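The primary structure of each chain is shown beneath.
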Amino acid sequence: MQEAAGWLIEALCLALILVLTTLVYFVVRVRYKARIPGAFNVAYRPEDREHWVAGVCHYTGGLLKWYRIVSLKWGSSHRWRRVGFEITQAQTATAEGMTLSVLHCQTDSESFWLAMDPHDYHGLVSWLESSPPGSDTLSP
């Protein structure tokens, strides 16, 4: 009986350590992603879904990377190249006292929605319109 109780306590301790380690990893990941220079909050919704997913975006050269907030994956959940990224529709929505820019976006491979603060929308438009000299966003 004591052996079974000892085994159960060890298993519970291991489970607790695993849960705490996962929680610490999650908190560190979220804090790190939110502190990347130029990071901004963006909700993402695929064209064929009704639910929005909270995330953080940041620019890396010619890429816009989106990280899902509730995830254990360290890397980005989506990456969109500046080349071929198009905002096909932009509208302003107000909900719960917040004003958001809601964008319908299109790339070569997918169609989706993004929602963000209007200031971040203007930053996204500037990023799309600008490109370094000699980049592949310019037509020959």
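Our structure is the block above this text.
Below is a summary of the structure that appears in this document.

What follows concerns the packing of aromatic side chains. With the rule as written, the count across this model stands at 9 aromatic pairs. Ring geometry for Y44 against W66: centres 5.1 Å apart, planes inclined by 40°, an arrangement best described as tilted. With Y44 in strand 1 (residues 40-46) and W66 in strand 3 (residues 63-68), the pair connects residues that are 22 residues apart, well separated along the chain. Given a relative accessible area of 5%, Y44 falls into the buried group. Of the residues examined, W66 reaches a relative accessible area of 2% and is grouped as buried. Between the aromatic rings of Y44 and W80, the centroid separation amounts to 5.8 Å while the plane-to-plane angle is 35°, which identifies the pairing as tilted.

This paragraph deals with the pairing of strand 5 (residues 86-95). Taken together, the 9 bridges between strand 5 and strand 6 (residues 98-106) define a ladder with antiparallel strand orientation. Considered in strand 6, the bridge of A93 is made with L100. Linkage of strand 5 to strand 6, two consecutive antiparallel strands, is achieved through a turn of 2 residues, within which E96 is found at a positive phi near 50°.

With respect to the helices and strands, S71 occurs in the loop between strand 3 and strand 4 (78-81). On the basis of relative accessible area, S71 is assigned to the buried category, the value being 15%. Reaching out from S71, the side chain makes a polar contact with the backbone nitrogen of K73 at a distance of 3.1 Å. Sequence-distant contacts of S71, that is, excluding residues within four places in its chain, are made with F26 and R29.

The antiparallel open sheet is built from 7 strands, whose spatial order is 4-3-2-1-7-6-5. What marks the edges here is a single partner per strand, and that holds for strand 4 and strand 5. Going from strand to strand, the sheet's axes swing by 30° on average, the running direction of each strand aside. Alignment of strand 3 against strand 4, held across 4 bridges, turns out to be antiparallel. The partner of K65 across the bridge, within strand 4, is R79. The strands touched by helix 2 (residues 118-129) are strand 1, strand 2 (53-60), strand 3, strand 4, strand 5, strand 6 and strand 7 (111-116); relative to strand 6, the strand with the most contacts, the crossing angle is about 30°.

Conventions adopted
Residues numbered from 1 in each chain as written. Predicted model: local features only at pLDDT ≥ 70, side-chain atom pairs only at ≥ 80, totals over all residues. Heavy atoms only, no water. Phe/Tyr/Trp six-rings, centres within 6.5 Å; stacked < 30°, edge-to-face > 60°. Helix = DSSP H or I, 4+ residues; strand = E, 2+ residues; numbered from the N terminus. Buried < 20%, exposed > 50% of the residue type's maximum accessible area, 1.4 Å probe, protein only. Pairing = 2+ DSSP bridges. Polar contact = N/O pair within 3.5 Å; in protein donor to acceptor, adjacent residues only side chain to side chain. Contact = heavy atoms within 4.5 Å. Axes fitted to C-alpha atoms, helices over the stretch in contact; angles between N-to-C directions.

Function-wise, these values are silent; they only describe arrangement.
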